[in-house]
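Spelled out, the chains give:
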Amino acid sequence: MFHGRRRQPPRGTHVAVQGVAVAVKAQMKYLGLVLDGKWNFGAHFTQLAPRLLGAAAALARLLPNVGGPGTVCRKLYTGVLRSMALYGAPVWVDALHRKNRTHLRRSQRVLAVRAIRGYRTVSAIRGYRTVSWTAVTLLAGDPPWELQAETLARVYQYRKDARERGLRPCLVEVKQVRVAKVRAEATAALMAKWEEDLRSPVAGAATVEAIRPHLSRWVPRKRGTLTYRMVQILTGHGCFGKYLHRTAGREPTPECKHCGAPEDTAIHTLTECAAWGPQRHLLENVAGPVDSLQSMVTAMLRSEDRWAAVASFCEAVMLQKEVAEREREEDAAADPIRRRRIGRRRGRYARLLLP
């Protein structure tokens, strides 16, 4: 009945197990996986997606962009959700078609945005606007979950083949070394495939081009905390005229409000805007010339002092831009599109800004 051509078994069909009637349906749940007759695991991911999004939303409420837990705690929460999503990966890894991948990516993006303290705004035209999935996973150092599923499947297959060949080392250490070697090889293959995918990003190209050359150092790094305002510079999503005009729909023009340039972008703020000359001078005294996002990332990865200098520049500049934006929101004579956002989170955030 389960593997037949019919989508549904005849009405009333059941299996009696010790006097208990178990109904026969189009799917069945076994060890936490929802199986269907076609083995495409569509029902599994359809039921898993709401649970992942619910858990991601619950954890995201514990991770405010300004303040809140540090990087270690954020990575821990991300790992919790990853474990839920990748449960049984060796079984369903070959069924990751487009729809199933979408379910995984949507959940991964929700928590990754909070993990990196990503900028999120409400657009009057397009609703919520956040950083792209490609850029947010790269900044978080969390490879796509479908690639991580392949790594888990590869390690599982090695263990399975070893058991079938009767290879059962007496010493636990020997077995652990072999598995660790296979896991390292699988991880290297994952990173190579991820880097290849990043060569042609669909969105977030500027962020990807800045970090991709340093991917092998960016992901496993042990130091360096991304701040809310640093991420605005790295992604271009923040208090920039171009973003607020074209993406968020909250500025009448993309011009820079601080120097009068026709277009205010992250690159303009970092390398050109005359209003931030003193801050830029302090940055270059420590980190050297910074003329692009890639040179900024290069400096950040060289030493803790350079990372701190970049963070200090981002905090000083973006904080002033946020204060100026808040003043434009409160100006009664401003364009109607510059309306003030409301809500408890906005209130808590506003109290952290300079008066």
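Structure's up top.
Residues numbered from 1 in each chain as written. Predicted model: local features only at pLDDT ≥ 70, side-chain atom pairs only at ≥ 80, totals over all residues. Heavy atoms only, no water.

Asker: Which residues make up the packing of helix α10 (residues 228–235) against helix α14 (residues 293–302), and what values go with them?
Answerer: When two helices pack together, their arrangement is given by the angle between the helix axes and by the axis-to-axis distance. Here α10 crosses α14 at 140°, and the two axes come no closer than 10 Å. Of the possible angle classes, the one that applies to α10 and α14 is oblique. Judged by residue contacts, Met 230, Ile 233 and Leu 234 of α10 engage Leu 293, Met 296, Val 297 and Met 300 from α14. A class-by-class count of the residues in the contact of α10 with α14 yields 7 nonpolar, no polar and no charged. (Axes fitted to C-alpha atoms, helices over the stretch in contact; angles between N-to-C directions. Helix = DSSP H or I, 4+ residues; strand = E, 2+ residues; numbered from the N terminus. Parallel < 35°, antiparallel > 145°, perpendicular 65-115°, else oblique. Contact = heavy atoms within 4.5 Å. Nonpolar A, V, L, I, M, F, W, Y, C, P; charged D, E, K, R; others polar.)

Asker: Provide a residue-level description of a nonpolar patch on the surface, including the pertinent values.
Answerer: Taken together, the side chains of Val 15, Val 17, Val 20 and Val 22 present a nonpolar region at the surface, about 310 Å² in accessible area. Topologically, Val 20 is positioned in strand β2 (residues 20–23). (Patch = residues over 30% accessible without salt bridge, like charges linked within 9 Å, V, L, I, M, F, W, Y side chains within 5 Å. Areas by Shrake-Rupley, 256 points an atom, 1.4 Å probe, with all protein chains shown as cover. Salt bridge = Lys/Arg side-chain N within 4 Å of Asp/Glu carboxyl O.)

Asker: With reference to specific residues and values, describe the nonpolar core.
Answerer: The nonpolar side chains of soluble globular proteins are, as a tendency, buried together. Membership of the largest hydrophobic core comes to 53 residues, with the highest contact counts inside it found for Leu 139, Trp 194, Trp 218, Leu 226, Met 230, Leu 283 and Met 296. Other than its neighbours up to four places away in sequence, Met 296 contacts Met 230, Ile 233, Leu 234, Leu 270, Val 290, Val 310 and Cys 314. (Core = buried A, V, L, I, M, F, W, Y, C linked by side-chain atoms within 4.5 Å. Buried < 20%, exposed > 50% of the residue type's maximum accessible area, 1.4 Å probe, protein only.)

Asker: I'd like a rundown of α10, residues and numbers included.
Answerer: Here α10 lies mainly inside the structure; 8 of its 8 residues are buried. Along α10, the residues that are buried comprise Tyr 228, Arg 229, Met 230, Val 231, Gln 232, Ile 233, Leu 234 and Thr 235. Just downstream of α10 lies Gly 236, where phi reads positive at about 80°.

Asker: For the pattern of salt bridges, give the residues involved together with the corresponding values.
Answerer: Counted by the stated rule, this structure contains 12 salt bridges. Notably, a salt bridge pairs Glu 146 with Arg 105, separated by 2.7 Å at the nearest N-O pair. With Glu 146 in helix α6 (residues 145–164) and Arg 105 in helix α4 (residues 98–115), this residue pair connects regions lying 41 residues apart in the sequence. Exposure remark for Glu 146: the relative accessible area of 7% places this residue in the buried category. A residue is classified by how much of its surface remains accessible, and Arg 105, at 31% relative accessible area, is partly exposed. Between Arg 212 and Glu 209 there is a salt bridge, with its nearest N and O atoms 3.6 Å apart. By relative accessible area, which is 14% here, Arg 212 ends up buried. The structure contains a network of salt bridges with shared partners spanning Glu 251, Glu 255, Lys 257 and Arg 328.

Asker: Describe the environment of Arg 212, with residues and values.
Answerer: Structurally, Arg 212 can be placed in the loop between α8 (205–211) and α9 (215–218). Through-space distance from the C-alpha of Arg 212 to that of Glu 195 is 6.8 Å; in sequence the pair is 17 residues apart. Apart from residues lying up to four places away in sequence, Arg 212 is in contact with Glu 195, Leu 198 and Arg 199.

Asker: How would you sum up the packing of α14 against helix α15 (residues 304–330)? Please name residues and give values.
Answerer: Direction vectors running N to C along α14 and α15 enclose 130°, while the axes themselves pass 6 Å from each other. In this view, α14 runs oblique relative to α15, as classed from their interaxial angle. Residues Met 296, Ala 299, Met 300, Leu 301 and Arg 302 of α14 form the contact with α15, whose participating residues are Arg 306, Trp 307, Val 310 and Cys 314.

Asker: So what's going on with the side chain of His 237? Which residues, and what values?
Answerer: Here His 237 lies in the loop between α10 and α11 (241–247). The contact partners of His 237, leaving out residues within four places of it in the chain, are Tyr 119, Thr 130, Val 131, Gln 232 and Tyr 243.

Asker: Give a detailed account of the pairing of strand β1 (residues 14–17), specifying residues and quantitative values.
Answerer: Inspection of the sheet shows β1 paired to β2 by 4 bridges, in the antiparallel sense. Within the sheet, the bridge partner assigned to His 14 lies in β2 and is Ala 23. (Pairing = 2+ DSSP bridges.)

Asker: Summarise the packing of aromatic side chains; cite the residues concerned and give the values.
Answerer: Taken as a whole, this structure holds 5 aromatic pairs when the rule is applied. Connected via pairs of aromatic rings, a cluster forms that spans Tyr 119, Tyr 228 and Tyr 243. Against the face of Trp 133 rests Arg 105, its NZ or CZ located 3.9 Å from the ring centre. Just above the ring of Trp 218 sits the side chain of Arg 221; from NZ or CZ to the centre is 4.2 Å. (Phe/Tyr/Trp six-rings, centres within 6.5 Å; stacked < 30°, edge-to-face > 60°. Lys NZ or Arg CZ within 6 Å of the ring centre and 35° of its normal.)

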